[in-house]
Amino acid sequence: MRIEIRGGRLIDPKHGIDRPASVYVAAGKVAAIGDAPSGWHADRVLDATRLVVCPGLIDSSARLREPGFEYKATLESEVAAAIAGGVTSLACPPDTDPPLDEPGLVEMLKHRARSLNQAHVYPIGALTVGLKGEIITEMGELTEAGCIAFSHADAALANTQVLLRALQYAATFGYKVWLRPQDVHLARGGVAHDGEVATRLGLPAIPSFAETIALDAIFELVRATGVQVHLARISSHDGVARVRAAKKAGLPVTCDVAVHHVHLCDVDIGWFNAHCHLVPPLRGTRDRAALRTGLSDGTVDLICSDHTPVDDDAKQLPFAEAEPGATALELLLPLTLKWAREEKLPLTTALARITSDPARVLGLDAGHLAAGADADVCVFDPELHWRVEPDALRSQGKNTPFLGFELPGKVRFTLVGGQLVHES
Amino acid sequence: MNNPQLSADGELQHLLTLEGLPAEIIGRILDTAVPFVSIAEREVKKVPLLRGKTVFNLFFENSTRTRTTFEIAAKRLSADVINLNIGVSSATKGETLLDTIDNLVAMNADMFIVRHGESGAPHLIAQHLWATQRQHIHVINAGDGRHGHPTQGLLDLFTIRHYKHDFRELTIAIVGDVLHSRVARSLIHGLTTLGTPEVRVIGPQTLLPTAVESLGVHVFHDMRDGLAGCDVVVMLRLQSERMKGALLPSAGEFFKHYGLTVEKLRLAKPDAIVMHPGPMNRGVEIDSAVADGTHSVILPQVTFGIAVRMAVMSILAGSR
Amino acid sequence: MTGAPLPDAELALGRLADKMRGAVAFDAKLVGIYSGGAWLAERLADMLDGEHPVGYIDVSFYRDDYAQKGLRAKLAATSIPFEVTGSRIVLIDDVLYTGRSVRAAINELFDYGRPESIELAVLIDRGGRELPIEATYVGARLAVARDVSVVLQRHLDGRLELSLEPSGSAGGE
């Protein structure tokens, strides 16, 4: 099908483009930018007047809850949420039930996603069997089945000996490892950032140095093994400083931040709002400021949604007992736009953090719109504000700290592989 | 952020915490408790204020003492009292906290007195009642995790006011495991709201929360320094599971550095009073000679506790 | 609209004391309902012959309008420094109106013990009863509209004065 996206503002961060231009899509690819190819006739014209046309968003962490947690959400509902949010590619962490530690599970997940024919799903495989932190997985087999990297999600990996072996093995074959920097023992039982707010609310707390101690250990192991590591969900001022220093020293590390930590801090917990129970915890204002600076200067490579749909029963509990996580696929774009406006950043920079930068870190040839690229496109209205209400979300998870907020950025069209998969 | 325990008109709707509770409301509760103290000395210790009301004591954490004082207080107001010791068993049966509340509301509950092991549980209940249009049902926090124990804080304030009168002239020390103490947090909020110029916390680093100064207190690790010139000394209970292991090496070592003895008490003012929320661990946080001595007001605290809880319940039940 | 001019409180008190003198039991105990009745009880204890112990009662915990109005902000402590059981008591209030305060006071007294008898002395009877309660001794009678309150004040020098105020202020029942 030939689709013409006419009269929009094209923003392609990878190529530094921000200008009015139409986009021509044919046979699943971008056929041309700006001027129509010779002999062009469109089967469908999408009117992109006053809209932004950018590469489909790439979300480097979104839990789809399959297999095993279908009562919380399903592939159908969450992929629908993704494309409603303009996300055309997403990576999902291995903490499903059972965890993604066997090729069969990975193949099934990929097959399910392909048959929905909507967003591209890239599974991240488990680093150890069952995520138990003892035996490393068959990373070769898992890579063949479709895993793009290996991680331990939020499961504890306290045994540094096991971690060292896993990194050595991954380095041998060039597999990328994603690690969440949090010292297991210092974080045990903690549900909030160790500071004034947790002290006042009487919540068990996790100090910032649980993150920095883990980062120091990880950097040593990277130096020793040469493995490529992506640090998932940085949360503290000192953590950002450590990453900046490590990059400056030439270590092959990248890092991301969850979109909530770009906006919220521990004060937002208010009177025990369980929607603010997140992993890692929301830290202080100084930490949030450092994360924003890190995103602007590239120390923090990308923003992910860390999408985690949680059923109502699991959230309507006292703060510490509530299941952590927030639904966020549909808020990735609006919250990124909000951040850009507040920091007065050009849209090319802001959108890079959710398109070309994740593509680079995930090793995908995506997140850009040059002629010949896959036609994964997001067309959105940057001026339209919408209210975050349960009914406005496609995800089965309605658990977000932004309920009731008015956010900018409404996705009007989403194309994946040249097909119009979402319009509103 | 609006205070969930006050109605739109600023009336007390629930008692969840002493944080952000205006001094006028605290004063009113303490003033209302005064006549209730003398009721306890009558033959007929009841007044009819809560007649026909059903009060549920919802204890998710065991506590015979606190539950009993609330039961006595409610019965002296002529309320019908039902005790529910939920413990862990109901949770394993799969009924959520809010499901339990909904069931009890269907049984015409007028007031919930809630003790829970997790901070924020009473707030969750109050929020749920508001969201489901049951504003006439009141919640009293009888202790939530480490967060707060507002009726204990109020009875401590009542006790201090009874013996020392003006908060604005006092130096008050709170000694022991502040990190895990909801009693300490509530008392600190109450004291700072009522204008106490010098509130001290005394304990080892392992038992003091991060950034505790932000609550408006001075930190002392040396008990002798901290007790100097105090008008009131509040000893906190040290729970047995804290006594060995990573937080503290032993009860004996704790008593050596942070136990209140007659000798250490001499550093405080000659007319200083000694308080303890109970139950006491004699020889761990407090010497028997002090606990039973002339400075101790630990037993009057118990009497005042019933009167203060009667005051809280009658103010709540009478709010529109 | 008053049917008659507002009585002078001191004169009414004098007439009340005259009626009570010789009529109340020699060992009668006076119990004043806060706050007007309390002032009157103190004065009457001086004005009557013989020894009459004085107690004070705050009826806030026994009122029948708690559900509508809640607990009043200012509470005083009931103080009965004698044995109620077997006593002959004269309950004293400033203004008798609906009779509800007196009902509350009687209920409260019975929670202290079983009196031998209770008589009621009031400075002003303004009619408008909603309960079957009558005063044994009355200083003066007054007819006042429903939207007006009759209020007794005590000046710094101890002098008592009556005034009328629009309803809503605490003005006897």
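Sequence order sets the numbering: in each chain, residues are counted from 1 along the sequence as written. Numbering of ligands from 1 and lettering of chains from A proceed in the order in which they are written. Per-residue local features are limited, in this predicted model, to residues with pLDDT of at least 70; the limit for side-chain atom pairs, both in listing and counting, is 80 or more; totals at the level of whole chains, interfaces and linings are taken over all residues. Heavy atoms from the whole structure form the basis of all side-chain values; hydrogens and water molecules are not counted.

Looking now at the interface of chain B and chain A. Between chain B and chain A, the residue contacts involve 26 residues of the former and 19 residues of the latter. At the boundary of chain B with chain A, total buried surface from both sides reaches about 1,800 Å², with 65% on carbon and sulfur atoms. One side-chain nitrogen of Lys or Arg within 4 Å of one carboxyl oxygen of Asp or Glu is enough to make a salt bridge. For Glu19(B), the salt bridge identified is with Arg200(A), shortest N-O distance 2.9 Å. Counting of polar contacts relies on pairs of N or O atoms within 3.5 Å, with two restrictions inside protein: one atom must be capable of donating a hydrogen and the other of accepting it, and residues adjacent in sequence are counted only when both atoms are side-chain atoms. Joining chain B to chain A, the criterion identifies 6 residue pairs in polar contact (both at pLDDT 80 or more). Within the residue set of the side of chain B that touches chain A, elements represented by two or more residues are α4 (97–106), α5 (121–131) and α7 (182–193) of chain B. The secondary structure listing takes helices from DSSP runs of H or I that are at least 4 residues long and strands from runs of E that are at least 2 residues long, numbered from the N terminus. The element that contributes the greatest number of residues to the side of chain B that touches chain A is α5(B), accounting for 3 residues. Classes in brief: Ala, Val, Leu, Ile, Met, Phe, Trp, Tyr, Cys and Pro nonpolar; Asp, Glu, Lys and Arg charged; the others, Gly included, polar. Broken down by class, the residue content of the side of chain B that touches chain A amounts to 10 nonpolar, 11 polar and 5 charged. Whether two residues are in contact is decided by their heavy atoms: any pair within 4.5 Å suffices. Buried area is calculated as the accessible area (1.4 Å probe) missing from two parts once they are joined, with the contributions of both summed.

Another aspect to go through is the interface of chain C and chain B. With 17 residues of chain C at the contact, the number on the chain B side is 19 residues. Of the roughly 1,500 Å² buried at the junction of chain C and chain B (both faces included), carbon and sulfur atoms supply 61%. Inspection of the chain C/chain B interface yields 1 salt bridge. The salt bridge partner of Asp111(C) is Arg42(B), with a shortest N-O separation of 3.7 Å.

What follows covers the sheet that holds strand β4 (residues 117–125) of chain C. All names here are of chain C. The strand order across the open sheet built from 5 strands is β2-β1-β3-β4-β5, with neighbouring strands paired in parallel fashion. Two strands bound the open sheet, and with one partner strand each, they are β2 (54–57) and β5 (137–141). Neighbour-to-neighbour, the strand axes of the sheet open up by a mean angle of 20°, direction not taken into account. DSSP bridges decide pairing: two strands pair if at least two such bridges lie between them. Note that strand β3 (residues 88–96) and β4 share 8 bridges and pair parallel. Its bridge partner lying in β4, Leu-96 is registered against Asp-125. Only the stretch in contact is used when fitting a helix axis, every axis being a line fitted to C-alpha atoms; angles between N-to-C directions are given from 0 to 180 degrees. Packing of helix α4 (residues 100–110) onto the sheet brings it into contact with β1 (29–33), β2, β3 and β4, and relative to β3 it is tilted by some 155°.

Before going further, it helps to spend a moment on a nonpolar patch on the surface. Residues and elements named next belong to chain A. Surface patches are defined over residues having more than 30% relative accessible area and no salt bridge, joining like charges when they lie within 9 Å and nonpolar side chains (Val, Leu, Ile, Met, Phe, Trp, Tyr) when within 5 Å. Surface accessibility follows the Shrake-Rupley procedure with a 1.4 Å probe radius. Residue values consider only the protein chains on display as shielding. A contiguous nonpolar surface patch, about 250 Å² in accessible area, is contributed by Leu-186, Phe-209 and Ile-213. By secondary structure assignment, the location of Phe-209 is in helix α7 (residues 209–225). Judged by its relative accessible area of 46%, Phe-209 falls in the partly exposed class. Burial classes follow relative accessibility: with a 1.4 Å probe on protein chains only, a residue under 20% of its type's maximum area counts as buried, one over 50% as exposed, and anything between as partly exposed.

Attention shifts here to the environment of His180(B). All names here are of chain B. By secondary structure assignment, the location of His-180 is in the loop between β5 (171–175) and α7. Taking the relative accessible area as the measure of exposure, His-180 reaches 14% and is therefore buried. Linking His-180 and Arg-146, residues 34 residues apart in sequence, is a C-alpha distance of 5.3 Å. Only 2.9 Å separates the side chain of His-180 from the side chain of Asp-177, close enough to count as a polar contact.

The next subject is the layout of surface pockets. Here the largest pocket defines a volume of roughly 1,400 Å³. Throughout, the protein atoms alone are placed on a 1 Å grid, and a set of points is a cavity if a 1.4 Å probe fits but cannot get out or a pocket if it is open with protein on both sides within 12 Å along at least five of seven lines; lining residues have an atom within 4 Å of a point. Contributing to the lining of the largest pocket are 46 residues, with Trp271(A), Asn273(A), His123(B), Gln127(B) and Trp130(B) lying nearest its centre. Mapped by element, the contributors of at least two residues to the lining of the largest pocket are α11 (312–315) of chain A together with α5 of chain B. The element contributing the most residues to the lining of the largest pocket is α5(B), with 8 residues. Grid points are joined across faces, edges and corners, and a volume is the space filled by probe spheres set on the points.

Here we come to the nonpolar core. Of all hydrophobic cores here, the largest spans 96 residues; its most connected members are Leu127(A), Leu231(A), Ile234(A), Leu333(A), Leu351(A) and Phe380(A). The start and end points of each domain follow an automatic or database-based domain assignment. Composition of this core by domain shows at least three residues from each of domain 1 (3–52 + 374–390 + 403–423) and domain 2 (56–362) of chain A. Residues within four places of Ile234(A) in sequence aside, it is in contact with Pro181(A), Glu211(A), Leu215(A), Gly239(A), Val240(A), Val243(A), Cys255(A), Asp256(A), Val257(A), Leu291(A) and Val300(A). Here the nonpolar core consists of buried residues drawn from Ala, Val, Leu, Ile, Met, Phe, Trp, Tyr and Cys, with membership extended through side-chain atoms lying within 4.5 Å. In terms of nonpolar packing, the next biggest core, distinct from the first, is built from 91 residues, Ile25(B), Phe59(B), Val212(B) and Val234(B) among them.

Bringing the pairing of β5(B) into the picture now. All names here are of chain B. In terms of residue burial, β5 counts as a mostly covered element, since 5 of its 5 residues are buried. Side chains Thr-171, Ala-173 and Val-175 of β5 all project onto a buried face; the interleaved residues Ile-172 and Ile-174 project onto the opposite face, where all are buried too. Both β5 and strand β6 (residues 198–202) contribute to a ladder of 5 bridges, which runs parallel. Looking at the pairing, Ile-174 lines up with Val-201 of β6. By definition, the crossover connecting two strands over a helix is right-handed if that path, from the first strand to the second, turns clockwise as seen with the strands pointing away from the viewer. In this view, the connection linking β5 to its parallel neighbour β6 by way of α7 has right-handed handedness. For β5 and strand β8 (residues 232–235), the ladder comprises 4 bridges, and the chain directions are parallel. Counted as the bridge partner of Ile-174 is Val-234 from β8.

Moving on, we come to the sheet that holds strand β4 (residues 23–26) of chain A. Residue and element names in this part refer to chain A. The sheet built from 4 strands is open, its strands ordered β5-β4-β1-β6 with mixed pairing. The open sheet has two edge strands with one neighbour each: β5 (29–33) and β6 (44–47). Adjacent strand axes in the sheet meet at a mean angle of 20°, parallel and antiparallel pairs treated alike.

Where like charges cluster on the molecular surface, the negative patch consists of Glu102(A), Glu138(A), Glu141(A) and Glu144(A). Considering the arrangement of structural elements, one finds Glu144(A) in helix α3 (residues 139–145). Positive charges come from Lys and Arg alone, negative charges from Asp and Glu alone, with His and the N- and C-terminal ends not counted. In plain terms, the charge of a residue is placed at NZ if it is Lys, CZ if Arg, CG if Asp and CD if Glu.

Two side chains bearing opposite charge may form a pair once their charged atoms approach each other closely. Per the stated rule, a full pass over the model turns up 50 salt bridges over all chains. Residues joined by salt bridges that share partners form a network here, namely Arg63(A), Asp95(A), Asp154(A), Arg180(A), Arg233(A), Asp256(A) and Asp306(A).

Residue and element names in this part refer to chain A. Across the interface, α7 lies against helix α8 (residues 237–248) with an axial gap of 9 Å and an inter-helix angle of 15°. For the element pair α7 / α8, the angle class is roughly parallel. Of the two possible hands of crossing, α7 and α8 adopt the one that is right-handed. Counted together, Glu-211, Thr-212, Leu-215, Asp-216 and Phe-219 of α7 and Asp-238, Gly-239, Arg-242, Val-243 and Ala-246 of α8 form the full contact between these two elements. With respect to orientation, any angle under 35 degrees is reported as roughly parallel, any angle over 145 as roughly antiparallel, any angle of 65 to 115 as roughly perpendicular, and every other angle as oblique. In this scheme the crossing of two helices becomes right-handed for a clockwise turn of the near helix relative to the far one and left-handed for an anticlockwise turn of less than a right angle.

So, on to the domain arrangement of chain B. Residues and elements named next belong to chain B. Here chain B is partitioned into domain 1 (23–148 + 305–317) and domain 2 (150–302). On a C-alpha basis, the centroid separation for the pair domain 1 and domain 2 is 26 Å. Facing 27 residues of domain 1, the contacting portion of domain 2 comprises 22 residues. Carbon and sulfur atoms make up 64% of the surface buried where domain 1 meets domain 2, a total of about 1,900 Å² over both sides. Broken down residue by residue, the surface that domain 1 buries against domain 2 is led by Leu-30, Arg-65 and Arg-146, which jointly contribute 32%. Counting the contacts that link domain 1 with domain 2 gives 2 salt bridges. In this structure, Glu-61 and Arg-182 form a salt bridge, with 2.9 Å as the shortest nitrogen-oxygen distance. For the pair domain 1 and domain 2, the number of links is 9 residue pairs in polar contact (both at pLDDT 80 or more). Those elements giving two or more residues to the side of domain 1 that touches domain 2 turn out to be α1 (23–39), α2 (64–76), β3 (111–116), β4 (138–144) and α13 (298–317). For the side of domain 1 that touches domain 2, the element with the most residues is α1, which contributes 9 residues.

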